[in-house]
Amino acid sequence: MAGKIGIIESRVSSNAQVGDGVFLLKVEGDYFAVPGQFYMLRAWELDPLLSRPLSVFDIAEEGISLLYAVRGRGTERLSRLAPGNVVTLTGPLGNGWERRVGRVALVGGGIGIAPLYYAAKVFGNTNVYLGFADTPYLVDEFDRVGRVHVTSETGVRGTPGLVTDIFDPSGYDVCYACGPRPMLALLDRFCRSDEVPLFVSLEERMACGVGACLGCAVKTIHGYARVCRDGPVFRSSEVVWDG
Ligand SMILES: Cc1cc2nc3c(=O)[nH]c(=O)nc-3n(C[C@H](O)[C@H](O)[C@H](O)COP(=O)(O)OP(=O)(O)OC[C@H]3O[C@@H](n4cnc5c(N)ncnc54)[C@H](O)[C@@H]3O)c2cc1C
Ligand code: FES
């Protein structure tokens, strides 16, 4: 954990659409987090009831950036935010990824690329594998912080296909990944057979975000764990993938 959890009310500095239904929200203020940690965000009073968890995309002098895909009511409301609007962030929450020595691969699929930018920036010297369904976004930004490899299912940019088609863990000392569960389960198989440690960030639905409701429980080999409190980062060999 990077430090004390805070509840911070701040102003939006920008909220730009960067991809199909994907927005990059920038919020002013002083923030801290380790890569892989998240904030619970709200930009409304009562409806929807719950704040929404978003990973740290970046932290810089000007503030924090969060990359999100519009899914439902909460993220749709976020997409309507304009500069000057006020949002409330609670965090940083969760455990995050620890930097390990050696050759590091970061693998993201879909909106699972969100926590990888900050990880690449903080860790330095990483290979970053980004898988998109259609037109890729923010690739030039990722290029500034790591060696980037891109796939798109439509073949519009990068290698046609899935990120798991091009990713080979042999040659790496550690891998970090975030994305759809089937992608993470496949990476777990690849990494196990090459004996490369894999740490995954799980994005379960959440309610309280602080370990109180068990709404985000996932099955691990040690029993149920709370994604918000015990994760969101888990060693992949400890997750029960077919549970
Ligand atoms: C630790 C963590 C970090 C996350 N980081 C990011 C991020 O950086 N960027 C980002 O875009 N999203 C992220 N998510 C997912 C994001 O929180 C949800 O997409 C968001 O809460 C949906 O809210 P909504 O009100 O728009 O949709 P809702 O109205 O709540 O749901 C709309 C639809 O999306 C589905 N859904 C909602 N949440 C999830 C989920 N977690 N997994 C799968 N399906 C879901 C619902 O079943 C429903 O079909 C993260 C989730 C977690 C737990
Ligand atoms: S969301 Fe309540 S325990 Fe995790």
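Further up the page is the structure itself.
Remember, it's a predicted structure, so these values are computed and weren't measured experimentally. (Residues numbered from 1 in each chain as written. Chains lettered and ligands numbered in written order. Predicted model: local features only at pLDDT ≥ 70, side-chain atom pairs only at ≥ 80, totals over all residues. Heavy atoms only, no water.)

K.L.:
Quick question: what am I supposed to make of the environment of glycine 146 here?
P.N.:
Assignment of secondary structure puts glycine 146 in the loop between helix 3 (139–143) and strand 10 (147–152). Taking the relative accessible area as the measure of exposure, glycine 146 reaches 17% and is therefore buried. Between the alpha carbons of glycine 146 and leucine 54 there is a distance of 22 Å; along the sequence they are 92 residues apart. Once residues within four sequence positions are removed from consideration, glycine 146 is found in contact with Thr126 and Val128. (Helix = DSSP H or I, 4+ residues; strand = E, 2+ residues; numbered from the N terminus. Buried < 20%, exposed > 50% of the residue type's maximum accessible area, 1.4 Å probe, protein only. Contact = heavy atoms within 4.5 Å.)

K.L.:
Explanation requested: the nonpolar core in the structure shown.
P.N.:
For soluble globular proteins, the rule of thumb is that nonpolar side chains tend to be buried together. In terms of nonpolar packing, the biggest core is built from 30 residues, with Leu67, Trp97, Leu106, Tyr137, Phe142 and Tyr176 touching the most fellow members. Where this core is concerned, the elements lending two or more residues are strand 2 (22–28), strand 6 (63–69), strand 8 (104–109), helix 2 (116–123), strand 9 (126–132), helix 3 and strand 12 (174–178). In terms of residues, this core owes the most to one element, helix 2, which gives five residues. Residue-level mapping places this core at the junction of two domains, with at least three residues from each of domain 1 (6–93) and domain 2 (97–201). (Core = buried A, V, L, I, M, F, W, Y, C linked by side-chain atoms within 4.5 Å. Domains from an automatic or database assignment.)

K.L.:
Help me understand the site of ligand 1 in this model?
P.N.:
Near ligand 1, the surroundings consist of 20 residues, among which Arg52, Pro53, Gly74, Thr75 and Arg205 are the closest. Between a nitrogen atom of ligand 1 and a side-chain N or O atom of serine 55, the distance comes to 3.0 Å. Between an oxygen atom of ligand 1 and a main-chain N or O atom of alanine 69, the distance comes to 2.9 Å. When ligand 1 is considered free in solution it has 890 Å² of accessible area, and contact with the protein chains removes 77% of it. (Near = heavy atom within 4 Å. Polar contact = N/O pair within 3.5 Å; in protein donor to acceptor, adjacent residues only side chain to side chain. Areas by Shrake-Rupley, 256 points an atom, 1.4 Å probe, with all protein chains shown as cover.)

K.L.:
Explanation requested: the environment of valine 139 in the structure shown.
P.N.:
Inspection of the secondary structure puts valine 139 in helix 3. Taking C-alpha positions, valine 139 is 9.2 Å from histidine 149, a pair spaced 10 residues apart along the chain. Aside from chain neighbours lying at most four places away, what touches valine 139 is Phe132, Val148, Val150 and Arg157.

K.L.:
Hey, could you run me through the sheet that holds strand 9 in this one?
P.N.:
Through backbone hydrogen bonds, the strands of a sheet pair up, either in parallel or in antiparallel fashion. Reading across from one edge, 11-10-9-8-12-13-16 is the order of the seven strands in this open sheet, with mixed pairing throughout. Each end of this open sheet is capped by a strand with a single partner; those strands are strand 11 (159–160) and strand 16 (233–235). Summarising the sheet, strand 8 and strand 9 pair through six bridges and their orientation is parallel. Bridge pairing links glycine 109 to glycine 131 in strand 9. Strands in contact with helix 2 are strand 8, strand 9 and strand 12; relative to strand 9, the strand with the most contacts, it is inclined by about 170 degrees. Packed onto the sheet, helix 5 (residues 181–194) meets strand 8, strand 12 and strand 13 (198–201) and runs at close to 175 degrees relative to strand 13. (Pairing = 2+ DSSP bridges. Axes fitted to C-alpha atoms, helices over the stretch in contact; angles between N-to-C directions.)

K.L.:
Help me understand the sheet that holds strand 7 (residues 86–93) in this model?
P.N.:
Pairing is antiparallel across the open sheet formed by seven strands, whose spatial order is 4-3-7-1-2-6-5. Both edges of this open sheet fall to strand 4 (52–55) and strand 5 (58–60), since each of them pairs with a single strand only. Neighbour-to-neighbour, the strand axes of this sheet turn through a mean angle of 35 degrees, independent of strand direction. One ladder, built from seven bridges, connects strand 2 with strand 6; its direction is antiparallel. The residue bridging glutamate 28 from the neighbouring strand is glycine 63, located in strand 6.

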